[in-house]
Amino acid sequence: MGVNSNRVEHVACLETTVTISSAEVGVMPPPMQIHKVCLPPKLTTLQKLKHRLIEIFFPDDPLYRCKNQTWFKKLIICLQFFFPIFQWGSEYNVSLLKSDVIAGLTIASLAIPQGISYAKLANLPPIVGLYSSFVPPLIYSILGSSRHLAVGPVSIASLVMGSMLSEAVSPTEDQILYLRLAFTATFFAGLFQASLGLLRLGFIIDFLSKATLVGFMAGAAVIVSLQQLKGLLGIVHFTSKMQIIPVVSSVISTKDEWSWQTIFMGFGFLFFLLTARHISNRNPKLFWVSAAAPLTSVILSTLIVFLLKSKVHGIPIIGHLPKGLNPPSLNMLYLSGPHLAVAIKTGIVTGILSLTEGIAVGRTFAALKNYQVDGNKEMMAIGVMNIAGTCSSCYVTTGSFSRSAVSYNAGAQTAVSNIVMASAVLVTLLFLMPLFYYTPNVILAAIIITAVIGLIDYQAALKLWKVDKLDFMACFCSFVGVLFISVPLGLAIAVAVSVFKILLHVTRPNTLILGNIRGTQIYQNLNRYREASRIPSFLILAVESPIYFANSTYLQERILRWVREEEEWVKENNGSALKCVILDMTAVTAIDTSGIDTVCEIKKMLEKRSLTLVLANPVGSVTEKLDQSEITESFGPHGIYLSVGEAVAHISSLWRAQP
């Protein structure tokens, strides 16, 4: 290869090709070296496949600690990897235990009333909510990687399960079948979650963007709050539908059933709970105020109803709750029959939602304490605890933001706080269940409303509108879909909008016209930087996406339009005739055969206009595919450069050397 050649090299090449002084090119600082464009190291197809699979499924290199270790040390590291309790357990001490006991008891004061309330939200017996606050936290404390995640039933998963299953089976007319479907949905949710973690397919849940979740949770919070008017107003005959219009209509049409005693007690305790929440939000040091408020409300309301039971007959109560440990429920799984599809669909939807919430909450508090939460471990932990919960009369559980916030503020240090919480629930199940007999349903409604109001994040919605209108559209579609159509369809619409946004970015990528910032080798967007200026006789374009079959036709049309508009600009401003089009491929991270054909077509079309197409800075994989397709030969010795600056300098010097 001669000194002026710039073909793609098949070997590692660091030497320069030619040196150009600043006198030859007016826009370049002195002197400038032109480098060869090199191919990446040659790999076999099997090596490429192995490398690609590792990057997809093991980007974090989870077993890096096993390198250069003895077999015994590797065994210990693997145990710590799969069971994080072995990692922090060896360093556990009395000081940590003291903090975890305080945090665990504090969480339990919130988890007990919330467990009962959320079970009602899912149209399940209240005792199932307490069962779900006992077994899953124990499993998570062994398998989970978060120190602050407090596990138990959550409002969103409870709402979705209740709404989806009640469309197929009535929870009042066929309670046993409904309970069987709930356990079956929990089983498939856990199986789906554990499979994602085992196969390291966590990127699937990324399709639920933050914008989608903001709208979904806000819509769900409104629906849940309106549904709780049944308990808050003392209504007996209430709609089972989950859309805003039927719910509001049911509230208005049943005003004859409203009970003034229930309304007085409900709104009184609702005001108390909201005030406690406001105090804790204003002063985080008083976190215990909002944490203790639900249990305090349950105790006070139960005492009031018990003392006035002979005078107050219009306030519905929970009634008898069985004492004892979780009964086995594996024999109740519904694995064949006409409703199996509904159970599977409900399990997958609630599984995705609970995974998203649990991992997001865990990462939030991990960031505050500067440690890392492994997403795949969390999927495995949440999935296994839901599968185990299926066998012990539990329904879908995950990490709760409200309980985790209390755990964090209470000083939790490790997952032992979950064990302490489960122990408190165990004591409640064994000895304290008769005390909940006179607990009014209205207090459960007030607790649920207080919990879900925090899901309405209007500030996040305003930020979405300000930053990204398409994200706001996904948020709005999710919100409206949940309110007016249904919870699962609202979520599906939001995901569809998010996928449409991705497709829009892929099929209609950004293309920019670049100019040189004087006195430098930097080329930036002409419309963005005033100090950037055109290079006479050059049109420098940048493509900000891979070139695939989905966008190749668009890019061809858009680049030819750029050329036409540049020629018109040159003509209007009496500039130098356009001779060369440089395509900056820095951001083109991949190309397929359709993209390669498109580059060839663009080159041929420009040659018919007596214009030269030059490629600048193609990445390794793109360079390799261009070379394998033999397109680099058609570009010749001066068709591919390492940078835009080198391309401009070298081509300008060639023009100056011509007669």
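Along each chain, the written sequence defines residue order, and numbers are assigned to residues from 1. Thresholds applied to this predicted model are a pLDDT of at least 70 for local features of residues and 80 or more for the giving and counting of side-chain atom pairs; totals over whole chains, interfaces and linings are not thresholded and use all residues. Hydrogens and water molecules were not included; the side-chain quantities draw on all heavy atoms of the structure.

Draft legend 1. Expanded view of helix α17 (residues 416-432). Between its terminal C-alpha atoms α17 stretches 23 Å, which fits the 24 Å expected from 17 residues at 1.5 Å a residue. Burial classification: accessible surface area is computed with a 1.4 Å probe over protein chains only, and a residue below 20% of its type maximum counts as buried, one above 50% as exposed, and the rest as partly exposed. The numbering of helices and of strands both runs from the N terminus, where a helix is a DSSP run of H or I of at least 4 residues and a strand a run of E of at least 2. The set of residues buried in α17 consists of Val 416, Ser 417, Asn 418, Val 420, Met 421, Ala 422, Ala 424, Val 425, Thr 428 and Leu 429. Buried-residue contacts for α17 involve α3 (85-89), α4 (94-121), α5 (126-131), α6 (135-143), β3 (151-152) and α16 (401-409). The span expected for a helix works out to 1.5 Å for each residue beyond the first. Between two residues, a contact is recorded if the distance between any of their heavy atoms is within 4.5 Å.

Draft legend 2. Region of the structure containing the packing of aromatic side chains. Stacked, edge-to-face and tilted are the three classes for Phe, Tyr and Trp ring pairs, Trp counted by its six-membered ring, which pair at centre distances within 6.5 Å; planes under 30 degrees apart are stacked, over 60 edge-to-face, the rest tilted. Per the stated rule, a full pass over the model turns up ten aromatic pairs. A ring pair is formed by Trp 71 and Phe 72, whose centres lie 6.0 Å apart and whose planes are at 85 degrees; its orientation type is edge-to-face. Seen from their ring centres, Trp 465 and Phe 472 are 5.1 Å apart, and the 75 degrees between their planes marks the pair as edge-to-face. Residue Trp 465 is classed as partly exposed on the basis of its relative accessible area, which comes to 46%.

Draft legend 3. Molecular detail of the environment of Pro 546. Tracing the chain through its elements places Pro 546 in the loop between β8 (538-543) and α22 (552-572). Separated by 40 residues in the primary sequence, Pro 546 and Val 506 place their C-alpha atoms 8.0 Å from one another. Setting aside chain neighbours within four positions, we find Pro 546 in contact with Asn 551, Ala 587, Val 588, Thr 589 and Ala 590.

Draft legend 4. Fine view of the domain arrangement of the protein. The start and end points of each domain follow an automatic or database-based domain assignment. The domain architecture assigned to the protein consists of domain 1 (18-44 + 509-657), domain 2 (60-90) and domain 3 (92-447 + 457-502). Centre-to-centre separation of domain 2 and domain 3, based on C-alpha positions: 34 Å. Counting residues at the interface gives eleven residues for domain 2, matched by twelve residues for domain 3. Summed over both partners, the accessible area (1.4 Å probe) lost when two parts come together is defined as the buried area. Of the roughly 890 Å² buried between domain 2 and domain 3, counting both surfaces, carbon and sulfur atoms make up 59%.

Draft legend 5. Examining the pattern of salt bridges more closely. Whenever Lys or Arg places a side-chain nitrogen within 4 Å of a carboxyl oxygen from Asp or Glu, that contact is recorded as a salt bridge. The tally for this structure, following the rule as stated, stands at seven salt bridges. For Lys 501, the salt bridge goes to Asp 471, with nearest N and O atoms at 2.6 Å. Here Lys 501 is found in helix α21 (residues 487-507), whereas its partner Asp 471 is found in helix α20 (residues 469-484), with 30 residues between them in sequence. Comparing Lys 501 with Asp 471, the two get one shared label, buried. Between Arg 561 and Glu 565 there is a salt bridge, with the nearest N and O atoms lying 2.9 Å from each other. Within this pair, Arg 561 and its partner Glu 565 are both found in helix α22, separated by four residues, close to a single helical turn. Via salt bridges that share partners, Asp 468, Asp 471 and Lys 501 belong to a single interconnected network.

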